[in-house]
Amino acid sequence: MTKLPLSDRSQHVVVDMQEVFATNPQWGFAGIHAIVPAIAKLAAAKPAQTLWTRFISAHSAEQAEGSWAALYRLWPGATLEAGAQMDILPSLLPLVSGPDAVFDKPTYSAFHNPAFVTRLKQGKVDTLVLSGIETDVCVLATLLEAVDRGYFVVMPVDALTSSDPDGHRQIMDVIPRRLKSQVFIASVATILEQWS
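Residues numbered from 1 in each chain as written. Predicted model: local features only at pLDDT ≥ 70, side-chain atom pairs only at ≥ 80, totals over all residues. Heavy atoms only, no water.

A.B. asks: How would you summarise the overall build of the protein if you had to cite specific residues and measurements?
C.D. replies: A count of helical and extended segments in the protein gives 7 helices and 6 strands. In the protein, the succession of α and β elements from N to C terminus is β-α-α-β-α-β-α-β-α-β-α-β-α. In terms of its C-alpha atoms, the protein occupies a principal-axis envelope of roughly 50 × 35 × 30 Å. For the protein, long-range pairs separated by at least 24 residues make up 76% of all intrachain contacts whose partners lie at least 6 apart in sequence. With the model as given, the accessible surface of the protein reaches about 9100 Å², and the carbon-plus-sulfur share is 55%. (Helix = DSSP H or I, 4+ residues; strand = E, 2+ residues; numbered from the N terminus. Contact = heavy atoms within 4.5 Å. Areas by Shrake-Rupley, 256 points an atom, 1.4 Å probe, with all protein chains shown as cover.)

Below is the structure:
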């Protein structure tokens, strides 16, 4: 069994487990619910070491910039103007330790929220356990920036998914293999067993 880089300096980050990705007619997908039990187990075991991110859509395509405007022209139903719901899934909301554990971002990577970066630095965090969605978009962006900043990353195989199953499988295969000294994969059970 691979020894994971887990300690009291590790942080669980739940990426974008939100209503918009569960119920929105343009962005929602039923598969999000399959990983809720694993995320809940990890968050319940480590409430003080669990942070949550929320992707916050632009108000409208007209108010977005550059390629983001193009994205929202493609998906107008996912804008705030269209009523897209940004709240964390109701089944996970009781596990959020408070408003200071939630970090909003208008981009894919969690590191685009300065308060998130500060929180990690203040906690002297060296390892991120990334759960949530989508493996090949927001999780990937956060993972790559985490590695660039010197963090180890643990990917819980049963607590990640994507609306694109092929994209999910490719990331889970390629990233830990290509970044094998920096990125690790394991089940939630194994993570909890090693994370004392």
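A.B. asks: Describe the sheet that holds strand β6 (residues 183-186), and please don't skip the residues or the numbers.
C.D. replies: Reading across from one edge, β3-β2-β1-β4-β5-β6 is the order of the 6 strands in this open sheet, with parallel pairing throughout. Here the strands that pair on one side only, and so sit at the sheet edges, are β3 (102-105) and β6. This sheet shows a mean twist of 25° between the axes of neighbouring strands, independent of strand direction. Relative to β6, strand β5 (residues 152-156) runs parallel, the two sharing 4 bridges. Paired with P156 across the strands is A186, a residue of β6. (Pairing = 2+ DSSP bridges. Axes fitted to C-alpha atoms, helices over the stretch in contact; angles between N-to-C directions.)

A.B. asks: Break down the pairing of β5 for me, with residues and values.
C.D. replies: Of all 5 residues making up β5, 4 are buried, and the element is well covered by its neighbours. Taken together, the 3 bridges between strand β4 (residues 127-132) and β5 define a ladder with parallel strand orientation. When the sheet's bridge partners are listed, T127 is paired in β5 with F152. In this fold, β4 hands off to helix α5 (residues 138-148), which returns the chain to β5; that crossover is right-handed. Regarding topology, helix α6 (residues 165-178) serves as the crossover connection from β5 to the parallel β6, and that connection is right-handed. (Buried < 20%, exposed > 50% of the residue type's maximum accessible area, 1.4 Å probe, protein only. Right-handed = clockwise from strand over helix to strand, strands pointing away.)

A.B. asks: Hey, could you go over the pairing of strand β2 (residues 50-55) for me, with residue numbers and the actual values?
C.D. replies: For β2, the tally of buried residues reaches 6 of 6 residues, placing the bulk of the element in the interior. The side-chain alternation of β2 yields two buried faces, one formed by T50, W52 and R54 and the other by L51, T53 and F55. Of the strand pairs in this sheet, β2 and β3 are connected by 4 bridges, and their pairing is parallel. Across the sheet, residue T53 finds its bridge partner in β3, namely F103.

A.B. asks: Which residues make up the layout of surface pockets, and what values go with them?
C.D. replies: Taken as a whole, the largest pocket holds about 260 Å³ of empty space. What lines the largest pocket is a set of 13 residues, among which F21, W27, Y108, E134 and V137 lie closest to the centre. Here the residues of the lining of the largest pocket sort into 9 nonpolar, 2 polar and 2 charged. (1 Å grid on protein atoms, 1.4 Å probe; cavity = no way out; pocket = protein on both sides within 12 Å on 5 of 7 lines; lining within 4 Å. Points joined across faces, edges and corners; volume = space filled by probe spheres on them. Nonpolar A, V, L, I, M, F, W, Y, C, P; charged D, E, K, R; others polar.)

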